[in-house]
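Coordinates in review
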Amino acid sequence: MIENEQAEEILLILDDKLTKTVSVLKEEFSSVRAGRANPHILDKVMVDYYGAMTPVSQTAAISVQEGKCLVISPWDASILKGIEKAIQLSNIGITPTNDGKVIRLVFPDLTEERRRELTKQIKKTGEDSKVAARNCRRDAMDGLKKLKNDKVLSEDETAAVEKEVEKAVSDAIAQIDAAVAVKEKEIMTV
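Within every chain, residues take consecutive numbers counted from 1 along the sequence as written. It should be noted that, the model being predicted, local features are given only for residues of pLDDT at least 70 and side-chain atom pairs only at 80 or more, the latter also being counted only at that level, while totals for whole chains, interfaces and linings use all residues. Remark: hydrogens and water are excluded; side-chain values derive from all non-hydrogen atoms of the structure.

Section: the sheet that holds strand β3 (residues 60-65)
Here is the rule: Two strands are said to pair when DSSP picks up at least two bridges between them. Put simply, DSSP H or I for four residues or longer makes a helix, DSSP E for two residues or longer makes a strand, and each gets a number counted from the N terminus. We call two residues in contact whenever any of their non-hydrogen atoms come within 4.5 Å of each other. Every angle, taken between N-to-C directions, lies between 0 and 180 degrees, and every axis is a line fitted to C-alpha atoms, over only the stretch in contact when it is a helix.
Spatially, the four strands line up as an open sheet ordered β3-β4-β6-β5, and their pairing is antiparallel. Edge positions in the sheet fall to β3 and β5 (97-98), since each of these pairs with one other strand and no more. The pairing of β3 with strand β4 (residues 69-74) spans six bridges and is antiparallel. Bridge assignment links S63 to a residue of β4, and that residue is V71. In the packing of helix α2 (residues 80-89) onto the sheet, contacts are made with β3, β4, β5 and β6 (103-106), and the angle to β6 comes to roughly 25 degrees.

This is the structure:
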């Protein structure tokens with residue numbers, strides 16, 4: 001274990017940044033449409049609710065029907081048109097149907113071409129996350145180099161901490177690869 005507090009802090013900051021990188025990736029993936037109804041697709045859709053921009057999920061109950069349809073039941077019927085308009089403007093690729101009480105979003109089956117397109121998008125997002133993880137590694141290594149140059153850490157201590165940095169980054173990249181593989185399989189499954 002590392003005895004130096006500054007080196008420990010560098011490792012803690014690295015761990016925190018890597019955890020955030022992986023969780024942001026997974027959050028991004030949750031909003032990608034994979035052919036079945038997913039309430040997370042509405043996470044970024046905002047509606048004007050009594051003068052304040054509010055997420056749809058905070059203004060209505062959202063449920064999945066038969067795996068292919070989202071049903072949005074607003075708690076206040078007066079906001080129904082606003083939710084419908086917000087969904088249309090959100091560019092999620094699904095046209096809402098409004099029956100006066102609820103809004104339905106029917107998810108069409110994805111074409112093979114669209115599945116491949118989404119897979120490319122998923123892989124690119126995964127690569128971006130790997131780049132972010134590598135940038136975290138670079139920042140940690142720069143911090144360690146500074147400690148070594150300032151004679152705060154010895155050669156051996158620096159090498160030991162660098163190994164821990166490499167292991168943490170490798171673990172994060174493995175998690176990113178696993179998340180990409182899971183989402184890719186979900187998209188390509190018909």
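Structural notes on the pairing of β6
The test is simple: In this scheme, a residue with accessible area under 20% of its type's maximum is buried, one over 50% is exposed, and one in between is partly exposed, where area comes from a 1.4 Å probe on protein chains only.
With burial as the criterion, only one face of β6 is covered, namely that bearing I103 and L105; the residues R104 and V106 on the opposite face remain uncovered. Pairing of β4 with β6, which is carried by four bridges, proceeds in the antiparallel orientation. Bridging from a neighbouring strand, I72 pairs with I103 of β6. As defined by bridge partners, β5 adjoins β6 across two bridges and the pair is classed as antiparallel. Bridge assignment links N98 to a residue of β6, and that residue is I103. The hairpin turn running from β5 into β6, its antiparallel successor, is four residues long, and G100 in that turn takes a positive phi close to 95 degrees.

All we've got here are geometric facts, nothing functional implied.
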